[in-house]
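Architecture at a glance
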Amino acid sequence: MGKTKHTGPIRLSKKPDPSLWASKIPFGLGKIKPHHIRDTVKVAWENRDNLPYATRIITKGVCDGCALGVQGLKDQTLTGPHLCTTRLNVLRLNTMPAMKEEVLHADIDELRKMSSAELRTLGRIPYPLIRKPGDKKFSRISWDAALDKIAAKMKKLDPKQYAFYLTARGITNESYYVAGKVARFLGTNNIDNASRICHSPSKTALSRSVGIGASSCNYKDWIGTDVLVFWGSVAANNQPVSTKYMYAAKRKGTKIIIINPYHEPAMDQYWIPSVAESALFGTKIADDVYQVNIGGDIAFMHGIMKHWFAMEEATHGSAIDHAFVEQHVNGYEALKEQVAQYSWEQLEKSSGLSKERMMELAELLAKSKSGVFVWSMGLTMHRFATDNISQVANLALLRGFLGREHCGLMPIRGHSGVQGSGEMGADPFSLPGGAMDAENRARLKDVWGFEIPDWQGDIVGVTLENSLLPEDHERKLKLYYMSGGNFLETMPDPDFVKQCLENVDIRVHQDIIFNTSTFADAKEAVIVLPAMTRYEQPGGGTSTSTERMVYFSPEIKGPRIQEARSEWEIYLDLAKRVKPEESHIIDFKDAYAIRDEIAVAAPNYDGIQHLKQSGDVFQWGGAWLCEGGECPTADGKGNLIPVELPELRKPEGHFYVTTRRGKQFNSMIYDEKDPFNNADRYDVLMNEEDGRKHDIVEGDAIVVFNKYGTFNGRAKFVPVKAGNIEVHFPEGNALIPMGVYEQFAGIPEYQAAVIVEKADTYFAQKDRKYVEKRIEELELETS
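In this report, the structure presented in the accompanying data block is examined.

1. Quick notes on the sheet that holds strand β20 (residues 617-619)
Strand order in the open sheet formed by three strands is β18-β19-β20, and the pairing between neighbours is antiparallel. The sheet is open, and its two edges are formed by β18 (541-544) and β20, each paired on a single side. Sheet twist, expressed as the average angle between the axes of neighbouring strands with direction ignored, equals 20°. Across four bridges, the pairing between β18 and strand β19 (residues 549-553) is antiparallel. By the bridge assignment for β19, Thr-544 is matched with Val-550. Contacts between helix α8 (residues 173-185) and the sheet are confined to β18 and β19, with β18 contributing the most and set at about 90° to the helix.

Now the structure itself:
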């Protein structure tokens, strides 16, 4: 942990810099780009019935969008107002009224015809609901009856047969903490959160490489670093406020490097609405773009290190920070030996980049005195994701880019609630304050006053699969309690996931709105419980940003959904019904009491107990984790991890496919068109050269398929790496296999090998076994 404290926001220069302009045409007229003013007006219109409340949320609440940590209209990085369309898009979830009864109790088959986007417009869930087998609609149920039914079922089950899941949808640290505590109080370690399907490998990799589970640096470190590398991250789309930090970095002379299979327009140039100069003329962001193959990042990084070691052979100290490595790093020789195993030919084939291009970035990094590496799902959603990120850490450790100003490792978070989930213990591998090990269990037993189960809980994917186990299996999932989340639109293989959801006896959806998974059947009952938003929570709540800032978000005066309850209160009420004789052990008087206990249970969070008013914030761990190179590992040193090249199973003529986001926030879609490239949700993004090879013209109807599923779409030519295609998430999830998990962190793999054919060829085959034959060819060639 660091001793240096964050020094607060800095001021942007107001002097224009025409060298950074993306266009001399004001507002980028005629270009494909987001229309921020139009979108803001649209949001204001949508919230016109609750505009004063909406305004108070924006100006007083902590953003429930991405995890940049905007508090009101301010943050800790730059002075001035910050507002983005991601935050505006989720605003209506907080201000809309309750669903009308005729909608709430409509025929279930009619509700099933609606998309999640359509369901979001219906309104909030006003009171508890239940639907049993054979029921054609939801019926109203009292809170007591609903919780008694859930509790009665839990009493009959082995704790290994029920599970909890929490999404990152605006959920506060208080709710995560109570949920994690309640799960262990009830005897189960089957609790997981949305980080499992986004950044769980980041925490796992950073823990083994440098002993931390969060970003080592701040957004301020972007501004003035020599080089800022975005690896598999489209921050401009997913965390739009970050473009203001990129702008500030460019003004300080920082070089911004993008590494991605697709030359993303959003990371090339952007019109930043809160910077007058950029709003008018746009800003050129990327200095260079390296287009790797999907899954080719490890090979690319090996190429960088291979050249570094060659540079060292010629001139000692020309690439490696030997003083830092000798004092603060383990494993140098083992890593050097691993890198030497691979030929340039292997690295070029795997990465998709030439030796010259790899050497080019290697030399830029070698000449840089500081650097920040930022990454997101482009590195984490692989079966070798932990190795991906340890490889990034290897680069930082070799150059000494750790524990000081303008240097660091940053997994940029996509949701405001997700950083705190594991830190609060809503995780099968974690407890508040540390890992799920004997030492931490003993420590928490003293804090909580009860024994913590010592068996390993299941990750979300395995939990779902456990619903299909034999009836008498000790881990047969019979009750699933979910706070938000829609596995039909976030997990691979939606048809299989639906089968899993419907094979559970009782499924509980604690949420603010309906989504498509709410209407899946259950063997005994589907129970829906109305939750409060973070802005309605009595006593306020806290959330932890990407840079470890813990923000207090106050309760905001406004209309309320009459029967909605704080999420943490619901968990407590349930626990007391399951174990009434021990209810005193689990009780909390209010949100302040929860924060008091968090400060003890999770020592890094000592300070959270003082957050009580709007504007209160503290940063755990100081400005830089591993400050001065001292890592919180057993020996205080970082570990270089030798990483093998992953096997990329793609035969000649076939493609790697990955999923991407368009105009959406996680799985919540807000527009059928991507504002950066004008693609619609069913466009298949592919290289024009690949199109010619397969006799495909832009706009052609095409079919993407493998043994897991089929995707029907249209070809759209974009600058994506040849041999790779991209489809939108969640529409393309049918192509991704369920049950393939990263071995260390358990994230599902979201990449696959596929065949692409023109639709008329695909559907014109008279032989009904044509598809099976083509898939068999694919399997033979990749085996």
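2. Here's the deal with the pairing of strand β5 (residues 227-231)
Along β5, five of the five residues are buried, which leaves the element largely enclosed by surrounding structure. Because side chains alternate across β5, one face comprises the buried residues Val-227, Val-229 and Trp-231, and the other comprises Leu-228 and Phe-230, equally buried. Pairing between β5 and strand β6 (residues 255-259): five bridges, direction parallel. Residue pairing in the sheet places Val-229 in a bridge with Ile-257 of β6. Of the pairings in the sheet, the one linking β5 to strand β11 (residues 371-375) comprises five bridges and is parallel in character. Directly across from Val-229, in β11, lies its bridge partner Phe-373.

3. Thoughts on the layout of surface pockets
Picture a little ball the size of a water molecule; that probe, rolled over the atoms, points out where space is still empty. Considering only enclosed or pocket space, the largest pocket measures out at about 900 Å³ in volume. For the largest pocket, the lining is made up of 38 residues, of which Lys-203, Ser-207, Ser-430, Gly-434 and Ala-435 are closest to its centre. Secondary structure elements with two or more residues in the lining of the largest pocket: α9 (200-210), α20 (419-423), β13 (430-431), β14 (434-435) and α21 (438-448). Per-element accounting of the lining of the largest pocket gives the leading share, five residues, to α9. Here the lining of the largest pocket is composed, by residue class, of 14 nonpolar, 15 polar and nine charged. For the second largest pocket, the calculated volume is near 730 Å³. Along its surface, the second largest pocket is lined by 30 residues, and Leu-488, Glu-489, Thr-516, Tyr-682 and Pro-730 are the ones closest to its centre. Where the lining of the second largest pocket is concerned, the elements lending two or more residues are α6 (116-120), α23 (487-490), α24 (494-501), β24 (668-669) and β27 (710-717). By residue number, the principal contributor to the lining of the second largest pocket is α6, which donates four residues. Among the residues making up the lining of the second largest pocket, the classes are represented as 13 nonpolar, six polar and 11 charged.

4. As for empty space enclosed by the protein
One pass over the structure, following the stated rule, counts eight cavities of 30 Å³ or more. The space that makes up the largest cavity amounts to roughly 550 Å³. Elements represented by at least two residues in the lining of the largest cavity include exactly α6 and α23. Its residues placed into classes, the lining of the largest cavity shows 16 nonpolar, 14 polar and six charged. The calculated volume of the second largest cavity comes to roughly 450 Å³. Residue lining of the second largest cavity: 30 residues in total, with Gly-232, Val-234, Met-377, Gly-378 and Thr-659 positioned closest to the centre. For the lining of the second largest cavity, the residue count by class is eight nonpolar, 17 polar and five charged.

5. Focus: the pairing of strand β28 (residues 724-728)
With five of five residues buried, β28 is to be regarded as a mostly interior element. The alternating pattern of β28 places Asn-724, Glu-726 and His-728 and Ile-725 and Val-727 on opposite faces, both of which are buried. Two strands pair when backbone bridges link them, and strand β22 (residues 655-660) and β28 are joined in this way by five bridges, in the parallel orientation. Following the sheet pairing, Tyr-656 is matched in β28 by Asn-724.

6. So, the packing of helix α13 (residues 297-314) against helix α16 (residues 344-351)
Put simply, α13 and α16 touch, their axes get as near as 8 Å, and they point 145° apart. The handedness of the crossing between α13 and α16 is left-handed. Taking contact as the criterion, the partners of Ala-299, Phe-300, His-302, Gly-303, Lys-306 and His-307 in α13 are, on α16, Trp-344, Leu-347, Ser-350 and Ser-351. When the residues that make up the contact of α13 with α16 are grouped by side-chain class, the tally is four nonpolar, five polar and one charged.

7. With respect to the pattern of salt bridges
According to the stated counting rule, one finds 41 salt bridges in the structure shown. One salt bridge in this structure joins Arg-38 and Asp-39, with 3.8 Å as the shortest N-O distance. We classify Arg-38 as exposed; its relative accessible area is 52%. A residue is classified by how much of its surface remains accessible, and Asp-39, at 12% relative accessible area, is buried. Across the pair Lys-136 and Asp-109 runs a salt bridge, and its minimum N-O distance is 2.5 Å. Of this pair, Lys-136 sits in the loop between β1 (129-131) and β2 (139-140) while Asp-109 sits in helix α5 (residues 108-111); the two residues are 27 residues apart in sequence, bridging distant segments of the chain. Through salt bridges with shared partners, one network takes in Lys-153, Glu-471, Lys-478, Asp-505, Lys-523 and Glu-524.

8. Let's talk about the state of the cysteines
The tally for this structure, following the rule as stated, stands at zero disulfides. Distance from the sulfur of Cys-84, which forms no disulfide, to the nearest cysteine sulfur (Cys-66) is 5.7 Å. Assessed through its relative accessible area of 8%, Cys-84 is described here as buried.

9. Concerning α13
Between the first and last C-alpha of α13 there are 26 Å, a value that for 18 residues agrees with the 26 Å anticipated at 1.5 Å per step. Most of α13 sits inside the fold, with 15 of its 18 residues counted as buried.

10. Topic: the sheet that holds β5
Judged by pairing direction, the sheet is parallel, and its five strands sit side by side in the order β9-β6-β5-β11-β12 without closing on themselves. Of all strands in the sheet, those with a lone pairing partner are β9 (288-290) and β12 (408-411), marking the two edges. Geometrically, the sheet is characterised by an average inter-axis angle of 20° between neighbouring strands, direction not taken into account. Lying on the sheet, helix α19 (residues 385-399) is in contact with β5, β11 and β12; it crosses β11 at an angle near 175°.

Criteria and cut-off values
Numbering of residues starts from 1 in each chain and follows the order in which that chain's sequence is written. The model is predicted, so local features are restricted to residues of pLDDT at least 70 and side-chain atom pairs to those at 80 or more, both for listing and for counting; the totals for chains, interfaces and linings are taken over all residues. Only hydrogens and water are set aside when side-chain values are computed; all heavy atoms of the structure are taken into account. Paired strands, as defined in this entry, are two strands with at least two bridges between them according to DSSP. Under the DSSP-based scheme used, a helix requires at least four consecutive residues in state H or I and a strand at least two consecutive residues in state E, with every element numbered from the N terminus. Axis geometry follows a simple rule: fit a line to the C-alpha atoms, using only the stretch in contact for helices, then measure angles between N-to-C directions, giving values from 0 to 180 degrees. Note on contacts: a residue pair qualifies if any of its non-hydrogen atoms lie within 4.5 Å across the two residues. Categorising residues by exposure relies on relative accessible area from a 1.4 Å probe, with only protein chains included: less than 20% of the type maximum marks a residue as buried, more than 50% marks it as exposed, and the intermediate range marks it as partly exposed. Of the two site types, the cavity is a set of points on a 1 Å grid over the protein atoms alone where a 1.4 Å probe fits but cannot get out, and the pocket is an open set with protein on both sides within 12 Å along at least five of seven lines, each lined by residues with an atom within 4 Å of a point. Grid points are joined across faces, edges and corners, and a volume is the space filled by probe spheres set on the points. For this classification, the nonpolar set comprises Ala, Val, Leu, Ile, Met, Phe, Trp, Tyr, Cys and Pro, the charged set comprises Asp, Glu, Lys and Arg, and every other residue, Gly included, is treated as polar. By the definition used in this description, the sense in which the near helix is turned from the far one sets the handedness, with an anticlockwise turn below a right angle giving left-handed and a clockwise turn giving right-handed. We define a salt bridge as a contact between a side-chain nitrogen of Lys or Arg and a carboxyl oxygen of Asp or Glu at a distance within 4 Å. Cysteine sulfur atoms are paired as a disulfide whenever they come within 2.5 Å of each other. By this rule, a helix spans an expected 1.5 Å times one less than how many residues it contains.

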